[in-house]
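Coordinate analysis (summary)
If you want the building blocks of each chain, they are given just below.
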Amino acid sequence: MDIRYSANQRDFKRYTTEEIRREFLIENLYCADEVVAVYSHVDRMVTLGCMPVNETVSIDKGIDCWKDFGTHYFLERREIGIFNIGGPGEITADEASYPMEFEDCLYVTMGTKKVTFKSKDPQKPAKFYMVSAPAHKSCKTTFISIADANKRPVGSSETSNKRVINQFIHPDVLETCQLSMGLTCLDSGSVWNTMPAHTHERRMEVYTYFNIPKGNVVFHMMGEGKETRHIVMQNEQAVISPSWSIHAGCGTTNYHFIWAMGGENKAFDDMDEIPIQEMR
């Protein structure tokens, strides 16, 4: 498991492009029949990817839970949100099975001992994108389809940011310990997300960008509002965003992205906006 330690905003100002990418960018999440995991010491969030092809894959494959987490199984003291961004698949959580179509979501509560993944068609494998946060109480494992997500249309074509925020793991949808997740879809002709830029002093965030057509990229903006940097993101890559950093993106075409938050509260609108004209 790849372990990333916390970076502070003072040192970040001096990072090269390669240092920024090494510290915050998560690449190659989807390897056949493997679990790829990145542990961030920013709020102890874990980002994972799994692409089952020829076998049913356990969530702890290749992970030493006692060494890495001090627990006997992965979700002993954690909760997790899982999205499918690939072909049709299925997740089993203890004794319950959940068919997962494209952009469906499953929240799995703390205390779930066994989680496995499989694809319905090896030629079109599922791609399970996951973010896990520490938890101190059990909630209810819940499946939410893309059709049943809480939808919030925002933005406009005039400002190139017309989009729909689909809230899945969110206080208005279901109870969790601290994890919040959702999926935002930009309309055709819109390329900007999350403007005006803002920070969450009380929460960190992880983004993953997908549905980026071949030959296109997304420029992910990060850093302090008056000391911005960027990371060029390819399709199906993720990026860690500390609480002191903005998190906005502009693509060479429209795209989808999944956001995940964890920290001291779950208030979706608890943010510190930065006026666009004051950004540097």
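See the structure printed just above.
Residues numbered from 1 in each chain as written. Predicted model: local features only at pLDDT ≥ 70, side-chain atom pairs only at ≥ 80, totals over all residues. Heavy atoms only, no water.

Turning our eyes to something else, we now look at the overall build of the protein chain. The helix and strand inventory of the protein chain stands at three helices and 24 strands. The C-alpha atoms of the protein chain give 18 Å as radius of gyration, which agrees with the globular expectation for 280 residues (19 Å, within 12%). With the C-alpha coordinates aligned to their principal axes, the bounding extent of the protein chain is approximately 55 × 40 × 35 Å. Taking all 280 residues of the protein chain together, the buried fraction comes to 55%. (Helix = DSSP H or I, 4+ residues; strand = E, 2+ residues; numbered from the N terminus. Rg over C-alpha atoms; globule rule 2.2 N^0.38 Å. Buried < 20%, exposed > 50% of the residue type's maximum accessible area, 1.4 Å probe, protein only.)

Here we come to the sheet that holds strand β7 (residues 89-93). Taking strand neighbours across the sheet as the criterion, the four strands line up as β5-β10-β7-β8 in an open arrangement whose pairing is antiparallel. Two strands in the sheet have a free side with no partner beyond their single neighbour: β5 (57-58) and β8 (96-100). (Pairing = 2+ DSSP bridges.)

One pass over the structure, following the stated rule, counts 13 salt bridges. Its salt-bridge partner being K13, residue E224 comes within 3.8 Å of it at the nearest N-O pair. Of this pair, E224 sits in strand β19 (residues 218-224) while K13 sits in the loop between α1 (9-12) and α2 (17-24), placing them 211 residues apart in sequence. Look at E224 and you get partly exposed, because its relative accessible area is 26%. Across the salt bridge formed by R21 and E27, the nearest N and O atoms sit 3.9 Å from each other. Looking at E27, the relative accessible area reads 39%, which means it is partly exposed. Several salt bridges share partner residues, and in doing so they unite E34, E55 and K61 into one network. (Salt bridge = Lys/Arg side-chain N within 4 Å of Asp/Glu carboxyl O.)

What follows is about the packing of aromatic side chains. Applying the stated criterion across every chain, the model contains 13 aromatic pairs. Ring centres 6.2 Å apart and planes at 80° place the aromatic pair F102 and F210 in the edge-to-face group. Of this pair, F102 sits in the loop between β8 and β9 (105-108) while F210 sits in strand β18 (residues 203-210), and the two are 108 residues apart along the sequence. With a relative accessible area of 1%, F210 lands in the buried category. Relative to Y255, the ring of Y209 has its centre 5.6 Å away and its plane inclined at 65°; by these criteria the two rings are edge-to-face. (Phe/Tyr/Trp six-rings, centres within 6.5 Å; stacked < 30°, edge-to-face > 60°.)

What follows deals with the sheet that holds strand β4 (residues 46-50). The strand order across the open sheet formed by seven strands is β1-β3-β4-β11-β6-β9-β12, and the pairing between neighbours is mixed. Every interior strand has two partners, whereas the edge strands, β1 (2-4) and β12 (142-144), have only one. Across the sheet, the axes of successive neighbouring strands diverge by a mean angle of 15°, strand direction being ignored. Note: β1 against strand β3 (residues 35-40), three bridges, orientation parallel. (Axes fitted to C-alpha atoms, helices over the stretch in contact; angles between N-to-C directions.)

Along the chain, G86 turns up in the loop between β6 (78-84) and β7. Excluding residues within four positions of it along the chain, G86 makes contact with F102, P125, A126 and K127. (Contact = heavy atoms within 4.5 Å.)

Cis rather than trans, the peptide bond between M195 and P196 has omega equal to 5°. Tracing the backbone shows P196 in the loop between β16 (192-193) and β17 (198-199). The backbone of D94 shows a phi angle near 55°, a positive value even though the residue is not glycine. As for its position among the elements, D94 is in the loop between β7 and β8. Of note, the phi angle at N211 is positive, near 60°, even though the residue is not glycine. Counting through the fold element by element, N211 comes out in the loop between β18 and β19.

The values reported here are purely geometric and, on their own, carry no functional implication.
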